[in-house]
Amino acid sequence: MCRGQRCQTSVARPWSNVLTIQGTNKPFTMNLLAEIRSRFADVLAQYVEDPSGLIDLVRRSQDAKFGDYQANVAMPLGKRLSRPPRDIAAEIVEKLEIDDLCEQPEVAGPGFINLRIRDARLVDLLTDTAGDQRLGVPRVEAPRTYVVDYSAPNVAKPMHVGHIRSTVIGDALVRTLRFLGHQVIGDNHIGDWGTQFGMIIYGYRHFLDEEAYAKSPVRELARLYRLVNQLVEYHACREKIPELKQQIAQLQGELEQSGAEAASGDKKAKKARRRLESRLQELRDQLREAEQKVAAVDADPMLAELARQHADVGEAVLRETARLHAGDEENLKLWRQFMPACLREIERVYERLGVKFDVTLGESFYHDQLPDVVADLKARGLAVESDGAVCIFLENSPAPMIIQKKDGAYLYATTDLATIRYRMKTWSPDAILYVVDHRQSLHFEQLFAVARKWGYTDVELTHVSFGTVLGEDGRPFKTRSGDTVGLEGLLDEAVRRARRVVAANDDAKPGGPELSEAERDQIAEVVGIGALKYADLMHNRTSDYVFSYEKMLNDRGDSATYLQYAYARVRSIFARGNVRPEALYEAGASLLLETPEERGLAMQLLRFAEALEQMLADYRPNVLTAYLFELADRYFSPFYDRCPVLKAENPRLRDSRLLLCDLTARVLKQGLALLGIQVVEKM
RNA sequence: GCGCCCGUAGCUCAGCCGGAUAGAGCAGCGGACUUCUAAUCCGCAGGUCGGAGGUUCGAAUCCUCCCGGGCGUGCCA
């Protein structure tokens, strides 16, 4: 495994067996918000039949001056019961049995109920949290079985930046679901049966450099893929260019005609004109791209000659692919020969990213099940032939789902259906999550609808969609020919930048550098990879993702680096003070929450479970990154700034603050771990 | 044409099944290192939440229309 992981060996361990919990015997795990909500549910049941809708209105307060939690239930109730909301609020407060947990609730404004957790309770709860390996995060009462379908690259093609999102988001979901006690099967549904193998097979037959292949099969296969792909594109582009030019000319003509109408000020004409213009621009971009690809080959005499000799390479590649699918022995043999190298290639990237799958069942795995899937759907009357293709027509769907082409070939819809059937039969999951970009939302809508009709009604099927990877120009990211931003290159760049910053920071330390070269390397790996992942996870996944080195490798502000640094600073307090966290617990250190900073930090630490629950409610890792950043920035920073730890006024206060430090470190570490991001003890 | 998504500070974004004064980061300005790591902290400035209506005690959030952008839409994945 990568070097980064070894950095953590001396990290604080949980020590739940050391701590004696005072005042309670129940095994402690508590989601504070959930507890408060359940108290309210009891009271609300007296007002409405089903309080579940109202219960969401019990939530965390935005501002400390409104207490820790607030219930906004009185206003809608007032409406429903035609009574003054403030009266209802007062009545609810009267009936509420929450005295053990909170101060006397206050009614404010139009009927807000503000709750402040009792300091003594806060101390108890946090003491329990400190003694808990799981940091107060309960295991779910009813564990579910999840299949998470993520990453899914096409093997035999180099992985690029577009693969980051699915991989990183999926990994975070898998880790977090598992931490909460669910059973999770992480499945990498790789593309291992597509046209790219036709390309490689063709390349292998015509352009193989045997010496290079013997030396590094992966590299040679990648070269063959790129070469054949370039030739195929060359011919395709050459064919397309006249067409494009004609379309452009035609559009220009239309545009000139529409000019007069638009000038008349008619709104519709103007709009139509704008649409024409943008379509024209699109075509021009396509033309420019095609011309560039052609020019790149023409400029290289060797390539140009190859292109001339292999004029029908596009057709030939499809033929090789079809032969593979038809079970041709020769091609199958080559496929089997290539696959291990291809798998090793992606595995190397996953290892570096620290991502592990439980199963890797790609398209090829389902290949021989496809005829039966189509036959079954036909037999049930779900699928019918139309224009020679086998289609499934759905209500409210703009197009049918095609599961077999008129030439007999299957499509990825077919594979996806076979995959659902296999997963249901094999694991009987309660939920299948597809971490796939949002451009495929129609496909999943149809897929899920068909699955329901097919009889799989008892499973949650969710498309965990995410935004498109955009280039710096704001256009959808595309690999420029010959200038691919490979994923590995990106990782290298991230680590290289991190290495520079690590070194600079270490050199600038007042007492002189503290890190060896090897340590610097380890830290750079953890920091670089962490920055990359965090940049992705911190955004709402539904937003488009603008690819930018600057942003992805951000090491300041709201970034993984900031959190890792916060962790290292906390840990350095223990190093500097020569304190083992375990010793605090053995000595029975207790908490004192006397300043707003200490209380605020304590409260935030207690909310870890809430953050995780909220993250999983919509499968949104950015909820957790936001929680962690808030913990470090809004709560820990002021504490660190104003509450001296090692130089606290007295030993009791010092120990209390050390406990807060330890908890902060553990929550940061655990939270980042759930995001697939590591920490280091020193940076 | 139809469908889905988006429009919030100069830039990048959070907040969106209605809640109290709309938040961060970056960039800008001003401060803080003989002090538990300055990859830091403290402070200042910055907004008609694309526009117009509507729903109501309350709208960035829900509804309608409009403007602007992206994506998808019968034989790619």
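The structure displayed is predicted, hence computed values, not measured ones. Counting from 1, residues in each chain are numbered in the order their sequence is written. Written order decides the labels, with chains lettered from A and ligands numbered from 1. The predicted nature of this model means local features are confined to residues of pLDDT at least 70 and side-chain atom pairs, given and counted, to a pLDDT of 80 or more, with totals for whole chains, interfaces and linings taken over all residues. Side-chain measures were taken over the full set of non-hydrogen atoms in the model, leaving aside hydrogen atoms and water.

Caption draft 1: Expanded view of the packing of helix α16 (residues 412–427) against helix α17 (residues 441–453). Helix axes are fitted to C-alpha atoms over the stretch in contact, other axes to C-alpha atoms as well, and angles between N-to-C directions run from 0 to 180 degrees. Where helices and strands are cited, they refer to DSSP runs of H or I of at least four residues and of E of at least two residues respectively, numbered from the N terminus. Orientation of α16 relative to α17, taken along the N-to-C sense of each, is 45°, at an axis distance of 11 Å. Considered as vectors, α16 and α17 are oriented oblique to each other. Considering only the axes of α16 and α17, their crossing is right-handed. When α16 is examined against α17, the residues Tyr412, Ala413, Asp416, Leu417 and Ile420 are found in contact with a partner set consisting of His443, Leu447, Val450 and Ala451. As a working rule, the residues Ala, Val, Leu, Ile, Met, Phe, Trp, Tyr, Cys and Pro are called nonpolar, Asp, Glu, Lys and Arg charged, and the rest polar, with Gly in that last group. Partitioned by chemical class, the residues of the contact of α16 with α17 number 7 nonpolar, 1 polar and 1 charged. Small angles under 35 degrees read as roughly parallel and large ones over 145 as roughly antiparallel, with 65 to 115 read as roughly perpendicular and the rest as oblique. Each crossing is labelled by how the near helix is turned from the far one, with a counterclockwise turn of less than a right angle marking it left-handed and a clockwise turn marking it right-handed. Residue contacts follow a heavy-atom distance rule, with two residues in contact if any of their heavy atoms lie within 4.5 Å.

Caption draft 2: Just the environment of Thr195, in detail. Tracing the sequence through the fold places Thr195 in helix α7 (residues 195–207). In contact with Thr195, not counting residues within four places along its chain, are Val317, Leu318 and Thr321.

Caption draft 3: Fine view of the pattern of salt bridges. We define a salt bridge as a contact between a side-chain nitrogen of Lys or Arg and a carboxyl oxygen of Asp or Glu at a distance within 4 Å. Counting across every chain of the model gives 52 salt bridges. Put simply, Asp376 and Arg380 hold a salt bridge, and the shortest N to O gap is 3.0 Å. Taking the relative accessible area as the measure of exposure, Arg380 reaches 52% and is therefore exposed. Because the salt bridges share partners, they merge into one network encompassing Asp506, Asp507, Lys509, Glu514 and Arg520. Residue exposure (1.4 Å probe, protein chains only): buried if accessible area is under 20% of the type maximum, exposed if over 50%, otherwise partly exposed.

Caption draft 4: Main features of the sheet that holds strand β10 (residues 431–437). By definition, two strands form a pair when at least two bridges between them are found by DSSP. Pairing within the open sheet is parallel, and its 4 strands lie in the order β6-β5-β10-β11. On the outer flanks of this sheet lie β6 (183–187) and β11 (460–466), each paired with one strand and no other. Going from strand to strand, the sheet's axes swing by 20° on average, the running direction of each strand aside. By the bridge criterion, 5 bridges tie strand β5 (residues 145–149) to β6 in an arrangement that is parallel. Counterpart to Tyr146 in the pairing with β6 is Val184. Each of β5, β6, β10 and β11 touches helix α6 (residues 164–179); the most contacted strand, β10, lies at about 155° to it.

Caption draft 5: How the structure looks around empty space enclosed by the protein. Grid points spaced at 1 Å over the protein atoms alone were grouped into cavities, where a 1.4 Å probe fits but cannot get out, and pockets, open sets with protein on both sides within 12 Å along at least five of seven lines, with lining residues defined by an atom within 4 Å of a point. Grid points are joined across faces, edges and corners, and a volume is the space filled by probe spheres set on the points. The tally for this structure, following the rule as stated, stands at 2 cavities of 30 Å³ or more. Within this model, the second largest cavity holds a volume of roughly 40 Å³. Lining the second largest cavity, in full, are His163, Ile164, Thr167, Val168, Leu353, Leu487, Leu491, Leu532 and Lys533. Listed by contribution, the elements that provide at least two residues to the lining of the second largest cavity are α6, α18 (487–507) and α19 (517–537).

Caption draft 6: Representation of unusual backbone geometry. Even without a glycine there, the phi angle at Ala152 is positive, about 45°. Note that Ala152 resides in the loop between β5 and α6. Positioned with a positive phi, Asn578 is a non-glycine residue whose angle comes to about 55°. In this fold, Asn578 is placed in the loop between α21 (560–577) and α22 (581–586).

Caption draft 7: Region of the structure containing helix α15 (residues 370–379). Of the positions making up α15, those classed as buried are Leu370, Val373, Val374 and Leu377. End-on view of α15: buried residues confined to an arc of 95°, all on one side of the axis. Looking at the buried positions of α15, the neighbouring elements they touch are α14 (363–366), β8 (389–392), β9 (401–404), α16 and α17. One or two steps after α15, the chain reaches Gly381, where phi turns positive at roughly 75°. Within this analysis, the arc is defined by the directions that extend from the helix axis to the C-beta atoms.

Caption draft 8: Structural detail: the packing of helix α25 (residues 621–642) against helix α26 (residues 651–674). Their axes nearest at 10 Å, the elements α25 and α26 cross at an angle of 160°. With respect to each other, α25 and α26 are oriented roughly antiparallel. Of the two possible hands of crossing, α25 and α26 adopt the one that is left-handed. The residues of α26 that touch α25, namely those facing Leu624, Tyr627, Leu628, Leu631, Ala632, Phe636 and Phe639, are Arg657, Leu660, Cys661, Thr664, Val667, Leu668, Gly671, Leu672 and Leu674. Taken together, the residues that form the contact of α25 with α26 break down as 13 nonpolar, 2 polar and 1 charged.

Caption draft 9: Quick look at the packing of aromatic side chains. Here the aromatic set is Phe, Tyr and Trp, taking the six-membered ring for Trp, and pairing holds for ring centres within 6.5 Å; pairs whose planes are under 30 degrees apart are stacked, those over 60 apart are edge-to-face, and all others are tilted. Evaluated as defined, the whole model comprises 19 aromatic pairs. Measuring from centroid to centroid gives 4.8 Å for Tyr350 and Phe357, while their planes differ by 75°, and the two rings are edge-to-face. Here Tyr350 falls in the buried class, since its relative accessible area comes to 1%. Against the face of Phe179 rests Arg134, its NZ or CZ located 4.4 Å from the ring centre. Charge-over-ring placement is defined geometrically: NZ (Lys) or CZ (Arg) within 6 Å of the ring centre, and within 35 degrees of the ring normal.

Caption draft 10: Just the confidence of the model for chain A, in detail. Residues of chain A with pLDDT of at least 70 account for 92%, and the chain-wide mean is 89. Residue-level confidence of the predictor is summarised by pLDDT, bounded by 0 at the bottom and 100 at the top. Considering only residues more than four positions removed or in separate chains, one finds that residues 1–28, a stretch of pLDDT under 50, has 52 contacts. In the predicted assembly, ipTM is 0.96 and pTM is 0.92.

Caption draft 11: A look at the sheet that holds strand β2 (residues 69–71). Read across the open sheet, the 4 strands follow the order β1-β2-β4-β3; overall the sheet is antiparallel. Looking along the sheet, the strands with just one partner apiece sit at the ends: β1 (58–60) and β3 (106–108). In this sheet, adjacent strand axes meet at a mean angle of 30° when their direction is disregarded. For β2 and strand β4 (residues 112–115), the ladder comprises 3 bridges, and the chain directions are antiparallel. Note that in β4 the partner of Gln70 across the bridge is Asn114. Strands β1, β2 and β4 of the sheet are contacted by helix α1 (residues 32–44), whose axis makes an angle of about 155° with β1. Each of β3 and β4 touches helix α4 (residues 85–95); the most contacted strand, β3, lies at about 170° to it.

Caption draft 12: View of the protein's contact with RNA strand B. Near RNA strand B, the surroundings consist of 71 residues, among which Lys65, Arg274, Ser543, Tyr565 and Ser572 are the closest. A single heavy atom is enough: if one lies within 4 Å of a molecule or strand, its residue is considered near that molecule or strand. Across the atoms of RNA strand B situated within 4 Å of the protein, the share located in sugar and phosphate is 59%. In this structure, a phosphate oxygen belonging to RNA strand B sits 3.0 Å away from a side-chain N or O atom of Arg59. Here a polar contact means two N or O atoms within 3.5 Å. Within protein one must be a hydrogen donor candidate and the other an acceptor candidate, and residues neighboring in sequence count only if both atoms are side-chain atoms. The side chain of Ser572 places a nitrogen or oxygen atom 2.2 Å from a phosphate oxygen of RNA strand B. Elements supplying a minimum of two residues to the surface near RNA strand B: α3 (74–81), β4, α10 (267–298), β8, α18, α21 and α25. Element by element, the count of residues in the surface near RNA strand B is highest for α21, at 8 residues. Across the surface near RNA strand B, the residue classes tally to 30 nonpolar, 15 polar and 26 charged.

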